[in-house]
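Descriptive structure summary
In case you want the letters, here they are:
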Amino acid sequence: MKPARIEIFPSGELGIVWEDGHESFYPGKDLRCQCRCALCVDEATGRKILDDARVPGDVRPARADPVGNYGINIAFSDGHSTGIYANRWLREHCPCGGPH
Ligand SMILES: [Zn+2]
Ligand SMILES: [Zn+2]
């Protein structure tokens, strides 16, 4: 499943409309804290390095760019821009609570 449209809302949420019409809205801080890049998660051990408490509460996506068919590279307002969020991961972690 791929995003058909990606949008950043003034509320700080990232919105995705998927190819099947499903819509997902991700709070900026949740996304930032779940970043899986090498600066946030130890690649060897899989252990989280990022301290959520040091992430600003009002952090929001500043830019969101598709990376091929794989996922979305999100740059955040706190300057962190190395995170790539897999489409599959995003869909599985859609916060709507409905069926996916
Ligand atoms: Zn990261
Ligand atoms: Zn959903």
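What comes next is a walk through the structure. (Residues numbered from 1 in each chain as written. Chains lettered and ligands numbered in written order. Predicted model: local features only at pLDDT ≥ 70, side-chain atom pairs only at ≥ 80, totals over all residues.)

A word on the environment of Met1
Summarising the element assignment, Met1 is placed in the segment before β1 (3-8). Given 14 C-beta atoms within 10 Å, Met1 falls into the partly exposed group. In this structure, the C-alpha to C-alpha distance between Met1 and Asn87, residues 86 residues apart in sequence, is 7.0 Å. Met1 has contacts with Trp18, Glu19, Asp20, Asn87 and Arg91, leaving out every residue within four places of it along the chain. (Helix = DSSP H or I, 4+ residues; strand = E, 2+ residues; numbered from the N terminus. Buried ≥ 20, exposed ≤ 12 C-beta atoms within 10 Å, placed from the backbone. Contact = placed C-beta atoms within 7 Å.)

Things to note about the nonpolar core
Counting ten residues, the largest nonpolar core consists of Leu14, Ile16, Tyr26, Leu31, Val59, Ile72, Ile74, Phe76, Tyr85 and Leu90. When residues of this core are assigned to their parent elements, the largest contribution, three residues, is made by strand β5 (residues 71-76). (Core = buried A, V, L, I, M, F, W, Y, C linked by C-beta atoms within 7 Å.)

Things to note about the sheet that holds strand β4 (residues 61-67)
Within the open sheet, the three strands sit side by side as β4-β5-β6. Their pairing is antiparallel. Where the open sheet ends on each side, the last strands, each with one partner, are β4 and β6 (83-86). Within the sheet, the average angular offset between the axes of one strand and its neighbour, ignoring direction, is 30°. Direction of pairing for β5 relative to β6: antiparallel, over a ladder of four bridges. Residue pairing for β6: Gly71 is matched across the bridge by Ala86. (Pairing = 2+ DSSP bridges. Axes fitted to C-alpha atoms, helices over the stretch in contact; angles between N-to-C directions.)

Brief notes about the sheet that holds β1
The three strands are arranged β1-β2-β3 in an open sheet whose pairing can be described as antiparallel. Because the sheet does not close on itself, it has two edges, and the strands there are β1 and β3 (23-27). Strand-to-strand, the axes of this sheet are offset by a mean angle of 15°, without reference to chain direction.

Let's talk about the environment of Gly71
Along the chain, Gly71 falls in strand β5. Residue Gly71 is classed as partly exposed on the basis of its C-beta count, with 18 C-beta atoms lying within 10 Å. Sequence separation between Gly71 and Lys2 is 69 residues; the distance between their C-alpha atoms is 8.0 Å. Not counting residues within four places of it along the chain, the set of residues in contact with Gly71 comprises Ile84, Tyr85, Ala86 and Asn87.

So, the pairing of β1
Two strands pair when backbone bridges link them, and β1 and strand β2 (residues 13-18) are joined in this way by five bridges, in the antiparallel orientation. Paired with Arg5 across the strands is Val17, a residue of β2. Between the antiparallel neighbours β1 and β2 lie four residues, among them Gly12 with a positive phi of about 95°.

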